[in-house]
Amino acid sequence: MIGLDYNILVQLAFADHAADAKTIAAVQTETQKGEKLVFPALVVAEFLHVATDARRFTPPLTMAEALDWIEEFLRNPAVSVLESSQASMDQTLRWMRRFNLGRKRILDTQLAAILHSNGVRRLLTSNPADFAVFSVLETVIL
């Protein structure tokens, strides 16, 4: 299994994104190796938030377009949504306290904790520095 950060979904959804070709190639390489692409529901929420933001994209996706895209992506048999658990929530809170992380680090910490508690050890992301502090994920940088 390999985790996906929300920014990877954004890159896949926008055909004119600067990293689109590299991201598509990396995702295809992983699935051709038999890897399952996994992420928790919070990544879907972040994707919807970012992809529909007119301050980030001109034009952004409409909410209907973003919903259509993510629903189609989730129909891929190589894609799975991971569940949060008490263990992952406990890990999130421990890491927030241990590393003295603030409010802007909550979602990244929760993503790392959910991936880790589900046995995921690799993450495709454009922001590897966001996950370095946890030392539990190998980041595949795009």
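See above for the structure.
Remember, it's a predicted structure, so these values are computed and weren't measured experimentally.

1. With respect to the packing of aromatic side chains
Logical step 1: The full count for this structure, using the stated rule, is six aromatic pairs.
Logical step 2: Ring geometry for Phe-39 against Phe-73: centres 6.3 Å apart, planes inclined by 20°, an arrangement best described as stacked. Linking Phe-39 in strand β2 (residues 37–40) with Phe-73 in helix α4 (residues 63–74), this pair joins segments that are 34 residues apart in sequence.
Logical step 3: Exposure remark for Phe-73: the relative accessible area of 12% places this residue in the buried category.
Logical step 4: On the numbers, 5.1 Å between centres and 40° between planes, the contact of Phe-47 with Trp-69 is tilted. Pair noted here: Phe-47 is in helix α3 (residues 41–51) and Trp-69 is in helix α4, with a separation of 22 residues, a long-range link.
Logical step 5: Grouped by ring-pair contacts, the aromatic residues Phe-39, Phe-47, Trp-69 and Phe-73 constitute a single cluster.

2. Thoughts on the packing of helix α1 (residues 6–13) against helix α2 (residues 20–32)
Logical step 1: Running from N to C, α1 and α2 point in directions that differ by 115°, and their axes come no closer than 8 Å. The angle between α1 and α2 falls in the class roughly perpendicular. Once α1 is placed against α2, the crossing between them reads as left-handed. Residue-level contacts link Ile-8, Gln-11 and Leu-12 of α1 to Asp-20, Thr-23, Ile-24 and Val-27 of α2.
Logical step 2: Partitioned by chemical class, the residues of the contact of α1 with α2 number four nonpolar, two polar and one charged.

3. Some remarks on the sheet that holds strand β4 (residues 122–125)
Logical step 1: If you trace the five strands from one edge of the open sheet to the other, you get β3-β2-β1-β4-β5, paired in parallel fashion. At either end of the open sheet lies a strand with only one pairing partner, and these are β3 (79–82) and β5 (138–141). Here the strands of the sheet are splayed against their neighbours by 35° on average, with no regard to which way each runs.
Logical step 2: The sheet contact formed by strand β1 (residues 2–4) and β4 spans two bridges and is parallel. Within β4, the position partnered with Leu-4 by the bridge is Leu-124.

4. Brief notes about the environment of Arg-98
Logical step 1: Structurally, the position occupied by Arg-98 is in helix α5 (residues 86–98).
Logical step 2: A relative accessible area of 62% means that Arg-98 is categorised as exposed.

About the thresholds
- Residues numbered from 1 in each chain as written.
- Predicted model: local features only at pLDDT ≥ 70, side-chain atom pairs only at ≥ 80, totals over all residues.
- Heavy atoms only, no water.
- Phe/Tyr/Trp six-rings, centres within 6.5 Å; stacked < 30°, edge-to-face > 60°.
- Helix = DSSP H or I, 4+ residues; strand = E, 2+ residues; numbered from the N terminus.
- Buried < 20%, exposed > 50% of the residue type's maximum accessible area, 1.4 Å probe, protein only.
- Axes fitted to C-alpha atoms, helices over the stretch in contact; angles between N-to-C directions.
- Parallel < 35°, antiparallel > 145°, perpendicular 65-115°, else oblique.
- Left-handed = near helix turned anticlockwise from the far one by under 90°.
- Contact = heavy atoms within 4.5 Å.
- Nonpolar A, V, L, I, M, F, W, Y, C, P; charged D, E, K, R; others polar.
- Pairing = 2+ DSSP bridges.

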